[in-house]
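# Observations on the model geometry
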Amino acid sequence: MKGLSGFDVLIRRDALNKPEWRYFEKKALFEEKLTLIAAPKLLARKALNTPADLAAHVVVLSSTRSGEWERWMKQAGVGEVRPERFQRFEHNYISLQAIIDGVGVGIGGIQMLGHDLQGNRLVTPLAIEAKGSRYVALIAPDVDKSSSLNRFVAWLEREACA
């Protein structure tokens, strides 16, 4: 039985204590590992072997994931590299598609990009990682806490740790 919120379990980036989520049970799943991502076809045209090479690249950003580029630069200790230019898109998924299409390079969470990395649509040109967002499972307060729901949440926690 779905709760009044319209769902049983919601998987999302941590809501950072937003009031609308305060009554939901929160289960931590994982913390993203942010890294630089690019399309192989872009790297065939423009080298990216060191952080200094970023100066010759367009950096693709997302309005919904603001601050990730800066956080990656700081945590990775990359320094003050100024890219050729920035290209910002409204949503992370549009930005991701632009990176896959070779518009520029960007920052992505490794755990969320497995399919694109395995399919060679994206590569990680620099072996530099930084901490990203935490992902959580939110369980609606008015949902039936059935054994099926509990098994699903337990499976979700195991998979997130794998």
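Look a little higher up for the structure.
Residues numbered from 1 in each chain as written. Predicted model: local features only at pLDDT ≥ 70, side-chain atom pairs only at ≥ 80, totals over all residues. Heavy atoms only, no water.

## Looking at the side chain of Asp14
Here Asp14 lies in the loop between β1 (9-13) and β2 (25-37). By relative accessible area, Asp14 is classed as buried at 13%. Reaching out from Asp14, the side chain makes a polar contact with the side chain of Lys26 at a distance of 2.9 Å. Setting aside residues up to four positions removed in sequence, Asp14 forms contacts with Lys26, Arg134, Tyr135 and Val136. (Helix = DSSP H or I, 4+ residues; strand = E, 2+ residues; numbered from the N terminus. Buried < 20%, exposed > 50% of the residue type's maximum accessible area, 1.4 Å probe, protein only. Polar contact = N/O pair within 3.5 Å; in protein donor to acceptor, adjacent residues only side chain to side chain. Contact = heavy atoms within 4.5 Å.)

## Digging into the sheet that holds strand β6 (residues 129-139)
In space, the 4 strands of this open sheet follow the order β1-β6-β2-β5, with antiparallel pairing throughout. Every other strand in the sheet has two partners, leaving β1 and β5 (106-109) as the edge strands with one partner each. Direction aside, neighbouring strands of the sheet carry axes that sit 25° apart on average. With 4 bridges connecting them, β2 and β5 associate as antiparallel partners. From the neighbouring strand, Leu34 faces β5, where its bridge partner is Gly109. (Pairing = 2+ DSSP bridges. Axes fitted to C-alpha atoms, helices over the stretch in contact; angles between N-to-C directions.)

## Concerning the packing of aromatic side chains
Under the defined criterion, the tally for this structure stands at 4 aromatic pairs. Measuring from ring centre to ring centre gives 6.4 Å for Trp69 and Phe86, while their planes differ by 80°; the resulting arrangement is edge-to-face. Note that Trp69 is positioned in helix α2 (residues 68-76) and Phe86 in strand β4 (residues 85-89), a separation of 17 residues in sequence. Judged by relative accessible area, which is 33%, Phe86 ranks as partly exposed. Chaining the aromatic ring pairs together yields one cluster made of Trp69, Trp72 and Phe86. (Phe/Tyr/Trp six-rings, centres within 6.5 Å; stacked < 30°, edge-to-face > 60°.)

## Examining the pairing of β2
Pairing analysis gives 9 bridges linking β2 to β6, with the strands arranged antiparallel. Each bridged residue has a counterpart across the sheet, and for Lys27 the counterpart in β6 is Ala137.

## Considering the nonpolar core
Counting residues in hydrophobic clusters, the biggest one holds 19 residues, and the most contacted among them are Leu36, Leu54, Trp69, Trp72 and Val105. Secondary structure elements with two or more residues in this core: β2, β3 (58-62) and α2. When residues in this core are grouped by element, the largest group, 3 residues, is from α2. Aside from chain neighbours lying at most four places away, what touches Trp72 is Leu34, Thr35, Leu36, Leu54, Val78, Ile107, Leu126, Ile128, Glu129 and Ala130. Counting residues in each nonpolar core, the second largest holds 17 residues, with Tyr135, Leu138, Ile139 and Val153 among its members. (Core = buried A, V, L, I, M, F, W, Y, C linked by side-chain atoms within 4.5 Å.)

## Overview of the pattern of salt bridges
By the definition in use, this model includes 7 salt bridges. For Lys27, the salt bridge is made with Glu25, and the minimal N-O distance between the two is 3.4 Å. Using a relative accessible area of 35% as the deciding quantity, one classes Glu25 as partly exposed. The salt bridge involving Glu84 is made with Lys46; its shortest N-O contact spans 3.0 Å. Pair noted here: Glu84 is in the loop between α2 and β4 and Lys46 is in the loop between α1 (40-45) and β3, with a separation of 38 residues, a long-range link. The partly exposed category is assigned to Glu84, whose relative accessible area is 46%. By relative accessible area, which is 29% here, Lys46 ends up partly exposed. (Salt bridge = Lys/Arg side-chain N within 4 Å of Asp/Glu carboxyl O.)

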